[in-house]
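What follows is the residue order along each chain.
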Amino acid sequence: EYAPLDGALKINTDELTWMELLSPDIVEPTGRLDADLRLSGTRAAPLIGGNARLQQFATELPSLGIALQDGDIRMDAQADGSARIVGSVRSGEGTLNVDGELDWRSQDTPLLLNIRGSNVLLADTRQLRAIATPDLVVRYRAGTPLQVSGTVTVPEADIHLDRLDMGVSASPDVVVLDPVDPKTASAPLSLQLDLTLAMGDAVKIDGYGLAGTLGGSLRVQQQPGRDMRATGTLEVEGRYRAYGQDLTITQGQLTWSNNLIADPRINLRAERRVGEVVAGINVAGSASTPQVEVWSNPAMPQSEALSYLMLGRSLEGATRSQAQRLI
């Protein structure tokens with residue numbers, strides 16, 4: 001551990017395909033990397049001086065359906081032996097700004113990054129399209145999960161609730177020329193999430209009969225190797241489709257209590273007004289297996305309330321075929 005270190009490393013290249021080896025999510029990275037680094041100290045206490053800069057960086061992240069562009073990240077060695085990291089990258093119409101430090105002397109958190117941005121496109125897939133304003137802290141050290149915590153404000157999103165548990169399958173046009181042997185492949189980087197999601201005014205949701213907007217906040221957590229779970233309540237406004245009708249939601253909440261994010265508890269009241277009669281439903285239970293109860297005001301038999309709900313008229317005015325639908 002007392003052995004001295006002495007060396008230098010200079011890099012000037014626009015060939016960045018080697019970055020794909022660092023993460024399976026990065027595809028076709030481009031840009032230019034310039035570095036002039038000096039190594040000193042000992043094996044037990046290494047010191048690195050100099051600087052490095054990655055500029056004009058761009059890459060695709062197919063799992064999120066987005067492309068990063070105009071990346072410019074700089075690392076400058078500090079006198080205390082750490083390195084300062086500052087940079088930015090564009091996604092959609094927004095820009096992510098990064099600042100932090102790399103401290104290889106620390107055994108706890110050698111990499112610490114603060115990530116902030118405004119109106120950044122975070123995902124654009126069949127399951128989720130989200131534009132967000134993140135304020136995150138990222139911590140990483142070798143042999144441990146990548147930790148991501150903080151707050152993400154979501155001013156605009158399209159959430160397809162019944163697709164959230166679907167995986168992304170490869171296109172049939174994709175041909176793997178050099179398949180990886182699963183017995184020798186290294187484990188992918190694990191992720192540990194603890195995020196608070198705050199909904200803005202243009203967050204839309206559909207699925208399981210819901211079509212409307214969301215408000216409120218939600219805490220999302222994920223441990224390595226486990227499904228994403230959530231805690232919190234989101235307010236729902238819009239329409240709920242039941243018995244062939246699009247009903248107006250007058251009261252609605254989606255509630256999570258440390259359960260799977262794709263299957264919240266529903267507490268929803270939706271109705272249809274026909275003249276002086278209001279017929280509606282109360283929906284409770286999980287989003288995947290909701291329980292529905294029919295009601296009316298003024299109170300009337302279930303068959304009569306169901307007739308107003310489905311047909312928009314009394315059961316007495318229904319045809320034989322319509323009456324059979326209500327049975």
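The rules we used
Residues numbered from 1 in each chain as written. Predicted model: local features only at pLDDT ≥ 70, side-chain atom pairs only at ≥ 80, totals over all residues. Heavy atoms only, no water. Helix = DSSP H or I, 4+ residues; strand = E, 2+ residues; numbered from the N terminus. Buried < 20%, exposed > 50% of the residue type's maximum accessible area, 1.4 Å probe, protein only. Contact = heavy atoms within 4.5 Å. Areas by Shrake-Rupley, 256 points an atom, 1.4 Å probe, with all protein chains shown as cover. Phe/Tyr/Trp six-rings, centres within 6.5 Å; stacked < 30°, edge-to-face > 60°. Lys NZ or Arg CZ within 6 Å of the ring centre and 35° of its normal.

(A) Representation of the overall build of the protein chain within the structure. Counting its regular elements, the protein chain contains 2 helices and 17 strands. In the protein chain, which comprises 327 residues, the share counted as buried stands at 34%. When contacts within the protein chain are restricted to residue pairs at least 6 apart in sequence, those whose partners lie at least 24 apart make up 43%. Within the structure as shown, the protein chain displays about 19100 Å² of accessible surface, and the carbon and sulfur contribution to it stands at 51%.

(B) Geometry of unusual backbone geometry. Cis geometry is found at the peptide bond from Asn-297 to Pro-298, where omega equals 10 degrees. Inspection of the secondary structure assignment puts Pro-298 in the loop between strand 17 (290–297) and helix 1 (302–311). In this structure, Asn-119 is a non-glycine residue whose phi angle is positive, near 55 degrees. By secondary structure assignment, the location of Asn-119 is in the loop between strand 7 (111–118) and strand 8 (120–124). A relative accessible area of 40% places Asn-119 in the partly exposed class. One non-glycine residue, Asn-258, lies in positive phi territory at about 55 degrees.

(C) Summary view of the packing of aromatic side chains. According to the stated counting rule, one finds 0 aromatic pairs in the structure shown. Here Arg-269 stacks its cationic end above the ring of Trp-295, 3.8 Å away from the centre of that ring.

(D) Representation of helix 1 in the model. Among the 10 residues in helix 1, 8 count as buried, and that is most of the element. Buried residues of helix 1: Glu-304, Ala-305, Leu-306, Ser-307, Tyr-308, Leu-309, Met-310 and Leu-311, and no others. Gly-312 occupies a position one or two residues after helix 1 and carries a positive phi of about 75 degrees.

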